[in-house]
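Single-letter residue listing:
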Amino acid sequence: MSSTRPKVYNFGAGPSALPLSVLEKVQREFLNYENTGMSVMEISHRSKTFENLLNKTKHDFKTLLQVPDNYEILFMQGGGCTQFSAVIYNLLAAKRQQIPEEEEFNPPLDYFVTGSWSAKAADEAKRLYNNVNIVIDVKKSKGSFGSIPPKEEWKLSGSKAAFVYYCDNETINGVEFPFIPDIDPSVPLVCDMSSNILSRKFDVSKFGVIYAGAQKNIGPAGVTVVIVRNDLLTNPKSVNDKDNGVTVIPTMLSYKVFVDNNSLYNTPPMFSIYVSGLVFEWSLQLGGVEAIEEINKEKSKKIYDLIDKSKIYRSFVDKPVRSRMNAPFRIVPEELEKEFLAGAEELRMVQLKGHRSVGGIRISMYNSVTSEAIDFLINYMIEFEKKHAI
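Residues numbered from 1 in each chain as written. Predicted model: local features only at pLDDT ≥ 70, side-chain atom pairs only at ≥ 80, totals over all residues. Heavy atoms only, no water.

Going by an unreviewed UniProt entry, the protein chain carries the name Phosphoserine aminotransferase and comes from Rhizophagus irregularis. According to the UniProt record, the Sequence similarities (unreviewed entry) comment for the protein chain is "Belongs to the class-V pyridoxal-phosphate-dependent aminotransferase family. SerC subfamily." The UniProt entry for the protein chain carries this comment under Cofactor (unreviewed entry): "pyridoxal 5'-phosphate". (UniProt positions renumbered as here; feature names shortened; annotations may be inferred.)

Draft legend 1. Local environment of the overall build of the protein chain. A tally of regular secondary structure across the protein chain gives 10 helices and 14 strands. Taken against the 2.2 N^0.38 rule, which gives 21 Å for 390 residues, the C-alpha radius of gyration of the protein chain at 22 Å falls within 12% of a compact globule. Judged by the C-alpha coordinates and their principal axes, the protein chain covers about 70 × 60 × 30 Å. At a minimum sequence separation of 6, the contacts of the protein chain that also span at least 24 residues come to 68%. Accessible surface for the protein chain amounts to roughly 17,700 Å². Of this, 50% is attributable to carbon and sulfur atoms. (Helix = DSSP H or I, 4+ residues; strand = E, 2+ residues; numbered from the N terminus. Rg over C-alpha atoms; globule rule 2.2 N^0.38 Å. Contact = heavy atoms within 4.5 Å. Areas by Shrake-Rupley, 256 points an atom, 1.4 Å probe, with all protein chains shown as cover.)

Draft legend 2. Local environment of helix α2 (residues 48-65). In a regular helix each residue adds 1.5 Å, so 18 residues correspond to 26 Å; α2 covers 26 Å between its end C-alpha atoms and thus fits that length. Turning to α2, its buried residues are Phe 50, Leu 53, Leu 54, Thr 57, Asp 60, Phe 61, Leu 64 and Leu 65. Down the axis of α2, the buried set is contained in an arc of 130°. They therefore lie on one face. Opposite the buried face of α2, by more than 90 degrees, sit the exposed residues Lys 48 and His 59. Positive phi shows up at Gln 66, right after α2, with a value of about 50°. (Expected span 1.5 Å × (residues − 1). Buried < 20%, exposed > 50% of the residue type's maximum accessible area, 1.4 Å probe, protein only. Arc of directions from axis to C-beta.)

Draft legend 3. Layout of the domain arrangement of the protein chain. Looking at the assigned domains, one finds that the protein chain contains domain 1 (48-284) and domain 2 (289-387). Taken together, the contact pairs 25 residues of domain 1 with 23 residues of domain 2. The largest share of the area that domain 1 buries against domain 2 comes from Ile 172, Glu 176 and Lys 201, three residues that together contribute 24% of it. At the surface where domain 1 touches domain 2, the tally comes to 1 salt bridge. Between Glu 176 and Arg 324 there is a salt bridge, with its nearest N and O atoms 2.7 Å apart. For the pair domain 1 and domain 2, the interface holds 12 residue pairs in polar contact (both at pLDDT 80 or more). (Domains from an automatic or database assignment. Buried area = accessible area lost by both parts, 1.4 Å probe. Salt bridge = Lys/Arg side-chain N within 4 Å of Asp/Glu carboxyl O. Polar contact = N/O pair within 3.5 Å; in protein donor to acceptor, adjacent residues only side chain to side chain.)

Draft legend 4. Representation of the environment of Val 138. Position of Val 138 among the secondary structure elements: in helix α5 (residues 138-142). Sequence spacing of Val 138 and Asn 266 is 128 residues, and the spatial spacing of their C-alpha atoms is 40 Å. Contacts of Val 138, omitting those with residues within four sequence positions, involve Val 113, Thr 114, Gly 143, Ser 144, Phe 145, Gly 146, Ser 147 and Pro 149.

Draft legend 5. Up close: empty space enclosed by the protein. Throughout the structure, instances matching the rule amount to 1 cavity of 30 Å³ or more. Estimated volume of the largest cavity: approximately 30 Å³. If you trace the largest cavity, you find it lined by Leu 91, Ala 94, Lys 95, Gln 98, Ala 162, Ser 186, Pro 188 and Leu 232. (1 Å grid on protein atoms, 1.4 Å probe; cavity = no way out; pocket = protein on both sides within 12 Å on 5 of 7 lines; lining within 4 Å. Points joined across faces, edges and corners; volume = space filled by probe spheres on them.)

Draft legend 6. Focus on the pattern of salt bridges. Applying the stated rule across the entire model yields 24 salt bridges. A salt bridge links Glu 281 to Lys 56, with the nearest nitrogen and oxygen atoms 3.0 Å apart. Of this pair, Glu 281 sits in helix α7 (residues 270-285) while Lys 56 sits in helix α2, placing them 225 residues apart in sequence. Its relative accessible area of 22% is what places Glu 281 among the partly exposed residues. Its salt-bridge partner being Arg 127, residue Glu 124 comes within 3.0 Å of it at the nearest N-O pair. Of this pair, Glu 124 and Arg 127 both sit in helix α4 (residues 116-128), separated by 3 residues, roughly a single helical turn. Each of Lys 25, Lys 56, Asp 60 and Glu 281 takes part in one network of salt bridges that share partners.

Draft legend 7. Seen up close, the sheet that holds strand β12 (residues 326-331). Taken in spatial order, the 3 strands of this open sheet run β11-β12-β14, and their pairing is antiparallel. The two strands at the open ends of the sheet, each matched to only one other strand, are β11 (313-314) and β14 (361-364). Relative to β14, β12 is paired through 4 bridges, and the arrangement is antiparallel. Of the residues in β14, the one forming a bridge with Asn 326 is Ser 364. Lying on the sheet, helix α9 (residues 336-346) is in contact with β11, β12 and β14; it crosses β12 at an angle near 130°. (Pairing = 2+ DSSP bridges. Axes fitted to C-alpha atoms, helices over the stretch in contact; angles between N-to-C directions.)

Draft legend 8. Representation of the sheet that holds strand β4 (residues 132-137) within the structure. Read from one edge to the other, the open sheet built from 7 strands follows the order β2-β10-β9-β8-β5-β3-β4, with strand pairing classed as mixed. Strands with a single pairing partner mark the edges of an open sheet, and in this sheet they are β2 (71-76) and β4. Across the sheet, the mean angle from the axis of one strand to that of its neighbour is 15°, orientation sign disregarded. Across 5 bridges, the pairing between strand β3 (residues 109-113) and β4 is parallel. Of the residues in β4, the one forming a bridge with Tyr 111 is Ile 134. Here α2 sits on the sheet in contact with β2 and β10 (224-229), set at roughly 125° to β2.

Encoded structure:
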């Protein structure tokens, strides 16, 4: 059965485009998965059928990112926002194990604030804990998000910190780290890679925890993939245990609980895991992350080259940290933006409107956004400028 849906170029920031071949396979298997006579949404999560699906999905993801054997891969729920809290509970408990019981326990939590999502993560940390150190806050120091200051301006806590957090790619602001932050190697590095995981190669061993909501480069919303180093796993305590409250981890946020139960402590988001597994298969067929990275470089270069040469399109992000996944920009004069979006919609290019907090236009170029889609959009942008440039 082939797709009969109208051709649409989807540039949404999340939920975002999925590979058409994946969607067509979902369509074919929807009523009868693996000859069970049931949809994957109907089979038991305790069945051998689903266990096999889950284990293959985990294996393919591990293969794509070359995850070392001393790391665990978890499939959790609640999106990246729930991980804002989970990392605090789990890594404070891990840090507690390193501190003698007679010593006061109040390690700092270090946060890079380089965009809207890292700002939200830092705000959540301040709600839960009383010793949050802001390594950099670009908006406060520079007036707006759009850059990453040099290391000389960072204010790290060193070995005292329970962890250092950063968001690798800020979808709203279009800022992406072109490097892994250099920190004290004894401190776990925590990274939100929700919007650029699987888009480029990186060394997993540099991190303590990596998490990613699915709805950008992985699959449909509903599942969050977490990679955690084994030495950071700790048992969730109760308020009746020693160190009352400090190291208590809610069961559904405990990395160790999910590891011990192979992500099946309760009913997981089965459909999201299933589709994510198909996306991992598709990614491997393309040649893996290395091949995908080259495609992404080419797509983003085309877009930024056009913006930089333009008389009406304006990027507000420093060139070295421009995101390969999300390119926000404004049109001068701004009154043209509504016309630009309306014209794009007429040509079935959708979800190009910038985030409500910053306005403008935003082109999301995730793995599933084809080069054909980028070229079609570029042709439209060229013609639009010809019509309006002074």
